[in-house]
Amino acid sequence: RAKSGGRARIDLFDANLRRQAMAVMRTEAELRAALEQGQLRLHYQPIVTLEDGAVAGFEALMRWEHPERGLVPPGDFIPLAEESGLIVPMGRWALREAARQAACWQARFPRPQPLFISVNVSSRQFRDDDLVGLVREVLAESGIAPSSLKLELTESLLMEDPDRCRERMMEIRAMDVRLSIDDFGTGYSSLAYLHRFPVDTLKIDRSFVRAISSGESNAAIVQVIATLASILQLDAVAEGVETAEEAGFLQDIRCKYAQGFHFARPTPPEGIERLLAECPARYAAPAG
Ligand code: C2E
Ligand code: MG
Ligand code: MG
Ligand code: MG
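Residues numbered from 1 in each chain as written. Chains lettered and ligands numbered in written order. Predicted model: local features only at pLDDT ≥ 70, side-chain atom pairs only at ≥ 80, totals over all residues. Heavy atoms only, no water.

A. Quick peek at the overall build of the protein chain. In terms of helices and strands, the protein chain carries 12 helices and 9 strands. Sorting the 288 residues of the protein chain into buried and exposed places 47% on the buried side. Intrachain contacts of the protein chain at a sequence separation of at least 6 include 68% that bridge at least 24 residues. Carbon and sulfur atoms make up 51% of the accessible area of the protein chain, which totals about 14,700 Å². Computed over 34 positive and 41 negative side-chain charges, the separation of the two mean positions in the protein chain equals 5 Å. (Helix = DSSP H or I, 4+ residues; strand = E, 2+ residues; numbered from the N terminus. Buried < 20%, exposed > 50% of the residue type's maximum accessible area, 1.4 Å probe, protein only. Contact = heavy atoms within 4.5 Å. Areas by Shrake-Rupley, 256 points an atom, 1.4 Å probe, with all protein chains shown as cover. Lys, Arg positive; Asp, Glu negative; His and termini not counted. Charge placed at Lys NZ, Arg CZ, Asp CG, Glu CD.)

As structure tokens, this is what we get:
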């Protein structure tokens with residue numbers, strides 16, 4: 001009896017696994033079709049200079065316009081894209097499209113410092129041998145200044161294979177393209193390594209920024225990261241700024257940039273164009 005019960009459990013287990021595997025395969029096929037049929041979109045979230053509230057650039061954030069499910073957020077498809085390797089062609093598309101869009105906005109909305117564009121690069125895409133060639137190609141096609149292109153890498157990516165990663169970063173940095181560390185503070189121990197990587201920007205993770213308003217003692221972490229950035233002569237971007245209070249605090253501690261719903265949500269290109277047309281009046285710096 002115990003034996004047959006075990007058998008039944010295993011059958012059930014197999015059936016569940018099979019069903020899950022089928023669902024994954026179906027989504028993967030759909031995702032591949034999405035890429036081929038042009039269902040991927042980029043939304044853009046303004047990154048503002050805290051000192052004057054002006055839009056300095058944008059982060060490109062991927063969306064999937066699914067024929068039935070509507071606009072699918074990246075959290076629901078990027079992990080699968082990473083697992084399947086589809087993230088490589090998807091990321092290639094995103095980099096190209098973001099640079100094309102940035103070139104267009106830089107021409108229509110000229111600034112002393114051209115509007116920059118920041119693009120997320122997953123670990124798989126970063127390790128792909130074609131990445132450096134792709135970046136070179138995208139710069140040539142779009143004509144944007146290399147210094148107005150930023151690639152966002154995660155701490156965990158840096159720590160996977162620090163030596164190779166550093167080499168690749170140097171190649172990219174040699175083209176004058178900028179590198180950001182995304183979600184800074186959530187990974188492990190990169191602090192000890194940080195100065196060894198040719199990084200330009202630390203993006204302070206939303207979890208620390210949120211602590212400012214909730215009065216948690218670890219709001220101090222934001223200040224520590226901003227100070228660390230300035231000691232290392234890096235720019236800091238606070239992610240996920242949702243309130244005027246947070247923006248004010250960040251301005252007080254001289255964090256250079258901020259990004260978050262308080263300023264603007266990730267927005268389709270048409271919305272960004274409207275916003276740029278009335279900018280920078282749109283964003284008054286927080287008072288005090
Ligand atoms: P991320 O790079 O850290 O992007 C910031 C995320 O925070 C975005 O979520 C953005 O919508 C959200 N956010 C911004 N301000 C606020 C705020 O004030 N409050 C709150 N609650 N959230 C805010 P999103 O667009 O859902 O993207 C999630 C993640 O998916 C990104 O995190 C990034 O890791 C990944 N991702 C997005 N686009 C791409 C892409 O093109 N390639 C790759 N490899 N990953 C991408
Ligand atoms: Mg990012
Ligand atoms: Mg981030
Ligand atoms: Mg984050």
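B. Local environment of the coordination of the magnesium ion (ligand 3). Asp182 (OD), Asp183 (OD) and Glu239 (OE) make up the full set of protein donors to the magnesium ion (ligand 3), lying at 1.7 to 2.6 Å. On the primary sequence, the residues serving as donors to the magnesium ion (ligand 3) are separated as D-D-x55-E. In this model, the magnesium ion (ligand 3) sits 3.6 Å from the magnesium ion (ligand 2), the two metals being bridged by Asp182. Here Asp183 is found in strand β6 (residues 178–184), whereas its partner Glu239 is found in the loop between β8 (235–238) and α11 (244–252), with 56 residues between them in sequence. Exposure remark for Glu239: the relative accessible area of 10% places this residue in the buried category. (Donors = N, O, S within 2.8 Å, 3.2 Å for Na, K, Ca; no water.)

C. Inspection of the pattern of salt bridges at higher detail. A complete count under the given rule lists 15 salt bridges for this structure. For the salt bridge of Arg96 with Glu137, the shortest nitrogen-to-oxygen distance reads 2.5 Å. Here Arg96 is found in helix α3 (residues 87–108), whereas its partner Glu137 is found in helix α5 (residues 131–142), with 41 residues between them in sequence. Each of Arg173, Asp176, Arg178 and Asp200 takes part in salt bridges that share partners, so that together they form one network. (Salt bridge = Lys/Arg side-chain N within 4 Å of Asp/Glu carboxyl O.)

D. Fine view of the packing of α3 against helix α12 (residues 269–277). Here α3 crosses α12 at 20 degrees, and the two axes come no closer than 12 Å. With respect to their mutual orientation, α3 and α12 come out roughly parallel. α3 and α12 meet at a crossing whose hand is right-handed. Contact residues: α3 offers Gln101, Trp105 and Arg108, while α12 offers Pro269, Ile272, Glu273 and Leu276. (Axes fitted to C-alpha atoms, helices over the stretch in contact; angles between N-to-C directions. Parallel < 35°, antiparallel > 145°, perpendicular 65-115°, else oblique. Left-handed = near helix turned anticlockwise from the far one by under 90°.)

E. Representation of the coordination of the magnesium ion (ligand 4) within the structure. All of the protein donors around the magnesium ion (ligand 4) are Asp183 (OD) and Glu239 (OE); their distances to the metal are 2.1 to 2.8 Å. The two metals, the magnesium ion (ligand 4) and the magnesium ion (ligand 3), are separated by 3.0 Å and share Asp183 as a common coordinating residue.

F. Structural detail: the site of ligand 1. Inspection of the region around ligand 1 gives 21 residues, with Arg63, Asn120, Asp182, Glu242 and Phe261 positioned closest. Contact distances for ligand 1 include 2.8 Å between an oxygen atom and a side-chain N or O atom of Asp182. Within the complex, 81% of the 810 Å² of free accessible area of ligand 1 lies under protein. Elements represented by at least two residues in the shell around ligand 1 include exactly β2 (55–66) and β6. Ranked by the residues each element gives to the shell around ligand 1, the list is headed by β2, at 4 residues. (Near = heavy atom within 4 Å. Polar contact = N/O pair within 3.5 Å; in protein donor to acceptor, adjacent residues only side chain to side chain.)

G. View of unusual backbone geometry. Its identity is not glycine, yet Asp176 carries a phi of approximately 80 degrees, on the positive side. With a phi close to 65 degrees, Arg254 is a non-glycine residue in the positive phi region. Tracing the chain through its elements places Arg254 in the loop between α11 and β9 (257–258). Note on Arg254: relative accessible area 71%, which makes it exposed.

It is worth stressing that arrangement in space is one thing and function is another; only the former is reported here.
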